[in-house]
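# Overview (structure and organization)
Below, each chain spelled out in residue letters.
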Amino acid sequence: EMEAKYTKKMQAMRDEMDLRRKTELHELEERKNTQISELMGNHEGAFGAIKNYYNDITAKNLTLINLLKEQVEDLKKKETVLEKEKAEVLLQNKELTGPLQEAQELVAELQKKLVHYYRDKEALTNSKAHLKITQKELKDLQWEHEVLEQRFSKVQAERDELYQKFTRAINEVQQKTGFKNLLLERKLHGLVTLLEQKEVELSEVVAASSLSPSALSLVSHKLEDVLNSKNATIQDLQLQLARVCKAHNDMLQTFEAKLTAFGIPLDNLGFQPLSFPFSGQ
């Protein structure tokens, strides 16, 4: 972003300098044309003055031609010499106009290059200063990046360690819960089977023996007490089994929340909630 910013600023400065250069070239061209016009006017004035001067001399000589025949020849010679000198002077003047114009253009170009040189030098100094600042900021960002990478590696290692601990804890709890559920179910089925056997034995005993109504009532009351005790035991075992299932499910919900907080997919858990073996519990 900084590079794009300063590239844009450099392009804007180049456009501004190009416009200023074109303006200065236009002004220089106008001054050059003005100087050329002035020089041409001066040359034409001088040429006119010389021409008028020689016209005056010619007029005077024409009036004195009869008296100054010998001088006429000399004046003609002088006139010829002066014409030659005038031509030479005009030629020299013309030859000097080209180098003068080239020298003026060269001076103007050198002046513009000097101005651009100072501006470029100042811009280079500013660019070096900004480059040093940018390099320092880059070093700071690199150092912060290394620190963040180290912290990320540390956090990732802690996450992996916690995930391993969670997995081991889940395995242990599942093993303990499954073993306890198996014991409780076996104990419950054993009690139910024993109860059924006792009921069959009692029915056989009652059928085989001819008990009096009072004795039969006493035996029935005792049997009801035993059945109530067994039912209470069964209900207690069912309640314990339901508590174990609920604790197992709560623990799974807690682990799922922790895994979600650490960004670990829930598919890696590998455990399903336990359903209650008895409805209504």
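Preceding this paragraph is the structure being described.
Residues numbered from 1 in each chain as written. Predicted model: local features only at pLDDT ≥ 70, side-chain atom pairs only at ≥ 80, totals over all residues. Heavy atoms only, no water.

### Focus on empty space enclosed by the protein
To be explicit about the condition: Using only the protein atoms, space was sampled on a 1 Å grid; points where a 1.4 Å probe fits but cannot get out form cavities, open sets with protein on both sides within 12 Å along at least five of seven lines form pockets, and lining residues are those with an atom within 4 Å of a point. Grid points are joined across faces, edges and corners, and a volume is the space filled by probe spheres set on the points. Only runs of H or I of at least four residues qualify as helices and only runs of E of at least two qualify as strands under DSSP, and these elements are numbered from the N terminus. Under this grouping Gly is polar, as are all residues other than the nonpolar Ala, Val, Leu, Ile, Met, Phe, Trp, Tyr, Cys and Pro and the charged Asp, Glu, Lys and Arg.
Scanning all chains against the criterion turns up 2 cavities of 30 Å³ or more. The space that makes up the largest cavity amounts to roughly 80 Å³. Around the largest cavity, the lining residues are K32, Q35, I36, L39, T97, L100, Q101 and Q104. Among the secondary structure elements, those contributing two or more residues to the lining of the largest cavity are α1 (2-63) and α2 (69-208). Taken together, the residues of the lining of the largest cavity break down into 3 nonpolar, 4 polar and 1 charged. Considering only enclosed or pocket space, the second largest cavity measures out at about 40 Å³ in volume.

### Let's talk about the pattern of salt bridges
For the record, the criterion: Note on definitions: salt bridges are taken to be side-chain nitrogens of Lys or Arg within 4 Å of carboxyl oxygens of Asp or Glu. Using a 1.4 Å probe on the protein chains alone, a residue whose accessible area is under 20% of its type maximum counts as buried, one over 50% counts as exposed, and one in between counts as partly exposed.
Inspection of every chain in the model, using the stated rule, returns 7 salt bridges. One salt bridge in this structure joins D18 and R21, with 2.5 Å as the shortest N-O distance. Here D18 pairs with R21, and both are found in helix α1, just 3 residues apart, close to one helical turn. Taking the relative accessible area as the measure of exposure, D18 reaches 28% and is therefore partly exposed.

### Some words on the layout of surface pockets
Computed from the structure, the largest pocket encloses a volume of approximately 420 Å³. Around the largest pocket, the lining is made up of 14 residues, and of these Y6, M10, N126, S127 and H130 lie nearest the centre. Mapped onto the lining of the largest pocket, the elements with two or more residues apiece are α1 and α2. In the lining of the largest pocket, the residues fall into 6 nonpolar, 5 polar and 3 charged. Considering only enclosed or pocket space, the second largest pocket measures out at about 330 Å³ in volume. Residue composition of the lining of the second largest pocket, grouped by class: 5 nonpolar, 4 polar and 7 charged.

### A closer look at the packing of aromatic side chains
The condition that has to hold: Any two rings among Phe, Tyr and Trp, with Trp reduced to its six-membered ring, count as a pair given centres within 6.5 Å; such a pair is stacked if its planes are under 30 degrees apart, edge-to-face if over 60, and tilted if neither.
If you walk through the whole model with that rule in mind, you get 2 aromatic pairs. Residues Y53 and Y54 carry aromatic rings whose centres are separated by 5.4 Å and whose planes lie at 70 degrees to one another, so their mutual orientation is edge-to-face. Residues Y117 and Y118 carry aromatic rings whose centres are separated by 5.7 Å and whose planes lie at 55 degrees to one another, so their mutual orientation is tilted. Relative accessible area serves as the criterion here: at 48%, Y117 is assigned to the partly exposed category.

### Quick look at the environment of L75
Tracing the backbone shows L75 in helix α2. On the basis of relative accessible area, L75 is assigned to the partly exposed category, the value being 27%. For the pair L75 and I57, spaced 18 residues apart in the sequence, the C-alpha separation amounts to 9.2 Å.

### Digging into a nonpolar patch on the surface
Selection criterion: What goes into a patch is any residue over 30% in relative accessible area without a salt bridge, connected to like charges within 9 Å or, for nonpolar side chains (Val, Leu, Ile, Met, Phe, Trp, Tyr), within 5 Å. Each accessible area value is a Shrake-Rupley result obtained with a 1.4 Å probe; residue values ignore everything except the protein chains displayed when judging cover.
Taken together, the side chains of L114, Y117 and Y118 define a hydrophobic patch exposed on the protein surface, amounting to about 350 Å² of accessible area. With respect to the helices, strands and loops of the structure, L114 is situated in helix α2. Under the relative-accessibility criterion, L114 is labelled partly exposed at 42%.

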